[in-house]
Amino acid sequence: MLEAVIRFSLRRRWAVMGLTLLAAAAGAWSFTQLSIDAVPDITNVQVQINTEAPGSSPLETEQRITFPVETALAGLPRLSYTRSLSRYGLSQVTVVFEDGTDIYFARQLVGERLREVSAKLPPGIEPELGPIATGLGEIFMFTVSAEPGAQDADGRPWDSTSLRTLQDWVVKPQLRNVPGVTEVNSIGGYVKEIHITPRPERLIAYGLSFRDLLDAIARNNRNVGAGYIERNGEQVLVRVPGQVADLDEIRRIVVGHHAGTPVHVAEIAEVGPGRELRTGAATENGEEVVLGTVFMLIGENSRAVSRRVAAKLEEVNRTLPEGVVVKTVYDRTNLVDRTIATVEKNLVEGALLVIAVLFLLLGNARAAFLTALVIPLAMLLTFAGMARARVSGNLMSLGALDFGLIVDGAVIIVENCIRRLSEAQQERGRPLPLAERLDVVADATRQVVRPSVFGVMIILIVYVPILALSGVEGKMFHPMAITVIFALFAALVLSVTFVPAAVALLLGGRVVERESVILRQARRSYAWTLDRALRWPASVLVAAVLLLVASLAIGSRMGREFIPSLDEGDIALHALRIPGTSLTQAVEMQRSLESAIGRLPEVSHTFTKIGTAEVATDPMPPSVADGFVIMKPRSEWPDPRKPKADLVRDVEAAIDRLPGNSYEFTQPIEMRFNELIAGVRSDVAVKVFGDDLEVLRILGEEIAEILARVPGAADVKSEQIAGLPLLEIDLDRAALARFGLSLEAVQEVVQVAIGGWVAGQVFEGDRRFDLVVRLPEDLRADFGAIERLPIALAAEAQTDASRLHPPRAGPTPARAFVPLGAVADLSIGTGPNQVSRENGKRRVVVSANVRDRDIGSFVAEAEQRIRDGVAVPSGYWTTWGGQFEQLESASRRLQVVVPLALLLIFAILAGVFGSFRHALLVFSGVPLAWTGGILALWLRGIPLSISAGVGFIALSGVAVLNGVVMISFVNALRREGKGVSEALREGALTRLRPVLMTALVASLGFVPMALSTSAGAEVQRPLATVVIGGIVSSTALTLIVLPVLYRIVESRTRRRG
Amino acid sequence: MSRSPNRRGRCVAVAAVSLLWLSAALSCSGGDPSSERAAAASTTGEFRTGPHGGRLLEDGSFGVELSIYEKGVSSEYRAYVFEDAEPRDPAGIELEVTLHRLGGRVDRIRFAPRGDHLVGDQEIDEPHSFDVEVAARADGREHHFEFASYEGRVELDAEQVAAAGIEIATAGPATIRETVLLNGRITPDEDRLVHLMPRFPGVVRSVHKRLGDAVAAGELLAVIESNESLHPYELRARLPGTVIGKEISPGEFVSSDREVFAIADLANVWLALDVYRPDFGRLRVGQRVRVDPGDGRPPIETTIAYLSPTGAANTQTLLARAVLANPDRSWRPGLFATAEVEVSDEEVPVAVATSALQRLRDGDVVFLADGDLFEARPVELGRRDAERVEVRAGLTAGQRYVARNSFVVKAEAGKSGASHDH
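Residues numbered from 1 in each chain as written. Chains lettered and ligands numbered in written order. Predicted model: local features only at pLDDT ≥ 70, side-chain atom pairs only at ≥ 80, totals over all residues.

With that settled, consider the overall build of chain A. The secondary structure content of chain A amounts to 34 helices and 32 strands. Its C-alpha atoms give chain A principal-axis dimensions of roughly 135 × 80 × 55 Å. Residues counted as buried form 52% of the 1057 residues belonging to chain A. At a minimum sequence separation of 6, the contacts of chain A that also span at least 24 residues come to 81%. (Helix = DSSP H or I, 4+ residues; strand = E, 2+ residues; numbered from the N terminus. Buried ≥ 20, exposed ≤ 12 C-beta atoms within 10 Å, placed from the backbone. Contact = placed C-beta atoms within 7 Å.)

Here it is in structure tokens:
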């Protein structure tokens, strides 16, 4: 079959060239369609349901909102699990569906259920679905800020309320309609509200209650339509406007009457713009700002969308009042561009190196050029494949592409063609005519095509187990495996079609093949070494085995890392404070944090989201801040080659001395993934389920204590579910009864006075602002004032009041009041900080990492100890979770798939040679190739990782490829009738050049990657290190150990035969 | 037969390959997520624990395990003695533990045998944070141990303190003025208020004063023609004052049980204050009152003149009264006013700024400052006013404490527990 293909390509060489060109063009077009992102998307299929419950504490939120919502979702098709979080004022239920579920289908299902449940929720509570975005969705962030000295229309400096108003009513509406944007989320500043703040003593004086005030405002702020009348053939609409137009109209609203004298709002309350009780704030470089985050719709191209957003922002900037600017603080384009730059650099450098190596070793520029052409061609074909398979281009998939490997097959074929062509020319003493040339090329290709095709196929197969990974690992590595498979497949096809055709076309005339000096020298010393090796086979084998054992020993003690962290360039920094930290305090603390970080020379700017944004895509309490530290381009750093880890250390050192904060370092996208996946991020976790929060908390703490004592445990943490300061106003039912008050009436007063109550809206053109009634700010925070809050008594109690009160003259109060303190006890305590639920049950997580110990035995021991040491009451249960779950499932899959793949490779090898012995011979080369890789990693102090694993895979491919080429050549010589030793020596010396070439191409091509610090370096460095180290040992093996082994095996067989 | 070792060798090679694959690719554990930052829960570090969960101290063959036994609210030290790691009879062992606390307090605890262990002779106060010195004498040999056992201790140097805006003050005597805020109404002085009624029913001939007119004693108010008195009679003011009520017009028939004029002397007015139940016991006649007229004029001072012996049934309030001088008649009866009654004015031996207070484990604490070290001290609070609060226990005069931005210290002490849970 292969031969037929080669023959066809040679016969129809122009057609093949044309087809190749066409395919390349298709690839180039595909590249423009390819969704390019920085990192693979590892988000699961999930729908967030956010429900705002203004003023509710975590317990009430859970009881009245989260529970009904969660219950309604049970039994959805393709549902994987639900989890929920109830915090102050917010309920968030996350519904996770099985992978592969259509997101719109999922959202529709959830939406249907929500409609059913809305009747069961408290009035006015409206669940909303989160934005249709994944963890890669936050592509663009900007701040709205005023230049120093800028003034608004009234001549006042811009405050954070008016900036937020601009964000909400000018910036956001424009950005929202940019194609590919699904949500623009605001945080920071204050949403403008109109506050009506009654003074309690005036309410008492006029005998008015909060309710009277609320009702009065509601009754006096409505526009009404009254249909139409017909008049002289005309239809006239009737309208009774009543909406308040400005603050003065609100002040003039009549709240009550006294003997015909109206009491206006102005008499009992201040009316003016006020600040909402916000749940989040934002800072930039130590200053409070308004921050917007643009969410990209699922499946869009982040680069294209963020460019559109940036362009739109330019326009928006022109529409803003003078002195107010919208400034980009985070733009995904930067990262994506850097990713593309990395890939470009690899492509160019790889090609140049390949050309250089080929030219040096072949001494033929044309041959070198056409081999190098395989790189861009394979690349373009890969893009076509990726675009069709909807695989995104990112640091993982493109960054790990290995060009040396791609050209290996072509190198072997071209090398053999050149050798044979020049031999043929020398034989005949003249340039070959076309027909002869075609014959020689066909024959030369055929000679090595099987080994090189099978070599590539073997590498393909080794990648297959990666496709068996599922979950986060699967999402992380599938794009990479698929891309490599596409690339290799493209290279394979090219090397049997395009390469022979191009050789035949380009290498006409005299074929120059100069043995370079280096090669001649190499060949001479190789011949010497090979002879010695063949003479003392035992010592060669012992040395090889020793090397193997040593490297295995080293390998088993090396650090491990499952998922490499892709360097996004910037740093994300969680600043964590104790529960109950107020927003104002947190902003204050963040301010000093940001100015400390801002002093580092590498930092361009910093910005932070504190607490929860308008759309609660990440529900954080005010005690948690998501900080972003954006770096300058490396060229502007004092030391452009400074590793990221050092930089993180610098940042840590800069902020470590600030009291009251603890930190977690991640990266912007990584952080978002963590928030969305939100599984347990530690190695192991014990989840405790049950009813009573206090019992759960105690169980959690007990389990944490036990876990901490199990050897190997580190970073043991129990989820903080308590610790939120709570002012509890306990109503005394007996006292209420004495005054004839209802519980609800008193609750309402507290709710209105402290939490505020929306009594209506004020319209300013299209903008609308809530009219909120609540206590003046100075009284809200005053416990004494809260205790004195006037509660209006029911009317009938008044009559006997006038009878008993001694003063006879002067008006008696129109209405009697009691202070809140008379019917309630105020006490400060702590309450639940948050209530977490999973699959409809309250839950507490105790998490731990495992160091210097295998997780399996740790879990077994910990489980035993917990069973012995903790009395779990009935109705409560524990389950184990954490990364080790994924690890276990991945291991189980790989335990099946890896041996299968190995078997398949072996079968292919056996097929190539028609001999198990030779297959095994070639196979035995793999471990020795790995020794070099392990040693190289060890020397550079790089841990074992999937990325290194990919390097080992590539390495095995090179080792097998070289082995196959070498053995099959020797076999061919023997079939020509030569003896074992003679064939071995001749074959080995002849194959020295291709072996060295593939080795050099692969290893030199990786040198820039191994030293790289640019985007994608963390994926490339281990991979490149393994390949470079491994190539050295692999080449030594192929050239020395393999011939020795071959002779041992063959001589024994022969003796027996 | 020579094949078999060979084959075995190959099998080993294959196995090695698979093993390597596995080890490289899959058994890579999640290992060390660099983002995770281990926060040390205790500053004291690791130590050996004994069989009773306490700290095990060893010196040669002698060993003593010290544990703090918590029984309800109070706690005591218990010590278990070992010889060659075997429990031994505690009798005859002399043991003394000295606790050096922040702020200079030193607790010396002596031990006496009880059952299989020794027990300390005093309770260990919270917080259990101190440098511990242990002196033991067993079989004629002295053993000495020292260790630190800190709980919630925070170290901040001067620079950090300044940057965080922390202010440190010294606890000491202060005057605490406790006040009660009351709502009230202005009423006329009832002792100087006259309700006039006609002596005989009749027809009003003329009316001479209007509402709000000032009248002198004996001044003519109205003339009424009565059938009973047979000739018109005059209605005159009994005392000087202002007409505050008038329900009489010429030509009108008035009966003798109807009040026609109310005349009040407004030189003094009364402030009737509603006192709510929790404040009953704190009010006394003679206490100083600051009255805010609520119209922008400065508050004036007076005293409580009267406390009603009865209460109001509907509001469960008590009437308190203060007299206000009203020379310019600006206090108008009928209007509302708020008053601040000073219910106590006392010198207390130890007081701290109210901004120093924080809550920790359901109790009030003040952060003690000693050089660069800070530690929470549970305090028992007494009286308080807007600025200062009395400390009854937990802090002594002369000790330095965090007066402002104390939250930062609390946050620093508690930060190891701060986490980001989703």
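Helix and strand content of chain B: 3 helices and 31 strands. Evaluated residue by residue, chain B yields a buried proportion of 33% over its 422 residues. For chain B, contacts bridging at least 24 residues in sequence account for 63% of all contacts bridging at least 6.

Residue and element names in this part refer to chain A. It is at 10 Å that the axes of helix α17 (residues 517-535) and helix α33 (residues 980-1011) come closest, and there the two elements cross at 135°. Taken together, the axes of α17 and α33 are oblique relative to one another. Note that α17 runs across α33; the crossing there is right-handed. Residues Leu519, Ala522, Arg523, Tyr526, Ala527 and Leu530 of α17 lie in contact with α33, whose contacting residues are Arg985, Ala988, Leu989, Leu992, Arg993 and Leu996. Tallied by class, residues from the contact of α17 with α33 come to 9 nonpolar, no polar and 3 charged. (Axes fitted to C-alpha atoms, helices over the stretch in contact; angles between N-to-C directions. Parallel < 35°, antiparallel > 145°, perpendicular 65-115°, else oblique. Left-handed = near helix turned anticlockwise from the far one by under 90°. Nonpolar A, V, L, I, M, F, W, Y, C, P; charged D, E, K, R; others polar.)

Glancing now at the environment of Pro333 of chain B. All names here are of chain B. One can find Pro333 in the loop between β24 (317-325) and β25 (336-353). Note on Pro333: 22 C-beta atoms within 10 Å, which makes it buried. Sequence-wise, Pro333 and Ala91 are 242 residues apart; in three dimensions their C-alpha atoms are separated by 83 Å.

Residue and element names in this part refer to chain A. You will see that Arg390, though not glycine, has its phi angle at about 55°, which is positive. Inspection of the secondary structure assignment puts Arg390 in the loop between α12 (365-389) and α13 (403-428). Backbone geometry at Asn839 places phi at a positive 45°, although glycine is not the residue there. Considering the arrangement of structural elements, one finds Asn839 in the loop between β29 (835-838) and β30 (841-850).

The next subject is the nonpolar core. Here is a general trend for soluble globular proteins: nonpolar side chains tend to be buried in one another's company. Residues and elements named next belong to chain A. Val374, Ala378 and Ala491 are the most contacted members of the largest nonpolar core, which has 173 residues in total. For this core, the element with the highest residue contribution is helix α32 (residues 946-975), accounting for 17 residues. The next biggest cluster of nonpolar side chains, apart from the first, holds 71 residues, and it includes Ala133, Val289, Val290 and Val316. (Core = buried A, V, L, I, M, F, W, Y, C linked by C-beta atoms within 7 Å.)

Attention now moves to α13 of chain A. All names here are of chain A. Relative to the 38 Å expected for 26 residues at 1.5 Å per residue, α13 spans 37 Å between its end C-alpha atoms, a close match to the ideal helical length. The sharpest bend along α13 measures roughly 35° and falls at Gly409. Where burial is concerned, most of α13 is hidden: 20 out of the 26 residues are buried. At the exit of α13 stands Gly429, carrying a positive phi of roughly 70°. (Expected span 1.5 Å × (residues − 1). Bend = angle between axes of the 7 residues up to and from the residue.)

Let's shift gears to the packing of α12 of chain A against α13 of chain A. Residues and elements named next belong to chain A. Packing of α12 against α13 brings their axes to within 9 Å, and their N-to-C directions diverge by 150°. In terms of orientation, α12 and α13 fall into the roughly antiparallel class. As for how α12 packs across α13, the hand of that crossing is right-handed. Facing Ala367, Leu370, Thr371, Val374, Ile375 and Ala378 of α12, the residues of α13 in contact are Phe403, Ile406, Val407, Ala410, Val411, Val414 and Ile418.

Before going further, it helps to examine the environment of Ile706 of chain A. All names here are of chain A. Within the fold, Ile706 resides in helix α22 (residues 693-709). Taking the C-beta count within 10 Å as the criterion, Ile706 has 20 such neighbours and is therefore assigned buried. Distance from Ile706 to Asn317, taken between C-alpha atoms, is 58 Å for residues 389 residues apart in sequence. Setting aside chain neighbours within four positions, we find Ile706 in contact with Arg865, Ile866, Gly869 and Val870.

Moving on to the sheet that holds strand β12 (residues 269-275) of chain A. Residues and elements named next belong to chain A. Reading across from one edge, β12-β7-β25-β24 is the order of the 4 strands in this open sheet, with mixed pairing throughout. With partners counted over all chains shown, the strands left at the sheet margins are β12 and β24 (757-764), one partner each. Recorded for the sheet is a direction-independent mean angle of 25° between the axes of neighbouring strands. Here β24 pairs with strand β25 (residues 767-773) via 7 bridges, running antiparallel. Residue pairing for β25: Phe763 is matched across the bridge by Arg768. Sitting on the sheet, helix α5 (residues 160-176) touches β7 (192-198), β12 and β25, and the angle it makes with β7 is about 135°. (Pairing = 2+ DSSP bridges.)

A few words now on the environment of Leu505 of chain A. Residue and element names in this part refer to chain A. Mapped onto the fold, Leu505 is located in helix α16 (residues 498-506). Leu505 sits in the partly exposed class, given 18 other C-beta atoms within 10 Å. Linking Leu505 and Arg13, residues 492 residues apart in sequence, is a C-alpha distance of 7.7 Å.

Before going further, it helps to examine the confidence of the model for chain B. All names here are of chain B. Per-residue confidence for chain B gives a mean pLDDT of 80; residues scoring 70 or more make up 87%. Scored below 50 in pLDDT, residues 1-45 shows 72 contacts in the model against residues more than four places distant or in partner chains. With pTM at 0.80, the complex prediction returns an ipTM value of 0.76. (pLDDT = per-residue confidence, 0-100.)

Residue and element names in this part refer to chain A. Taken across its 9 residues, strand β18 (residues 603-611) has 7 buried, putting it largely inside the fold. In the sheet, strand β13 (residues 280-284) pairs with β18 via 5 bridges, with the strands oriented antiparallel. Bridged to Thr283 within β18 is Thr608. Note: β18 against strand β19 (residues 624-631), 7 bridges, orientation antiparallel.

Attention shifts here to the sheet that holds strand β15 (residues 214-215) of chain B. All names here are of chain B. On the basis of which strands lie adjacent, the open sheet formed by 4 strands has the order β13-β20-β18-β15 and antiparallel pairing. If you trace the sheet from one side to the other, it starts and ends with β13 (193-196) and β15, each paired once. For β13 and strand β20 (residues 261-264), the ladder comprises 4 bridges, and the chain directions are antiparallel. Paired with Val194 across the bridge in β20 is Ile263.

Below, the discussion takes up the pairing of strand β28 (residues 373-378) of chain B. Remark: a regular strand shows side chains that alternate across the two faces of the sheet. Residue and element names in this part refer to chain B. Relative to β28, strand β10 (residues 153-155) runs antiparallel, the two sharing 3 bridges. Residue pairing in the sheet places Arg153 in a bridge with Glu375 of β28. As judged from the 6 bridges shared by strand β27 (residues 363-370) and β28, these two strands associate in the antiparallel manner. The partner of Phe367 across the bridge, within β28, is Ala376. Where β27 folds back onto β28 in an antiparallel hairpin, the turn is made up of 2 residues, including Gly371, whose phi is positive at roughly 65°.

What follows covers helix α7 (residues 210-219) of chain A. Each full turn of the α-helix corresponds to 3.6 residues, which orients residues three or four apart in the same direction. All names here are of chain A. Along α7, the positions that sit buried rather than exposed are Phe210, Leu213, Leu214 and Ile217. With its buried residues spanning 100° around the axis, α7 presents them on a single face. Buried residues in α7 make contact with β7, β10 (254-258), α24 (743-755), β24 and β25. (Arc of directions from axis to C-beta.)

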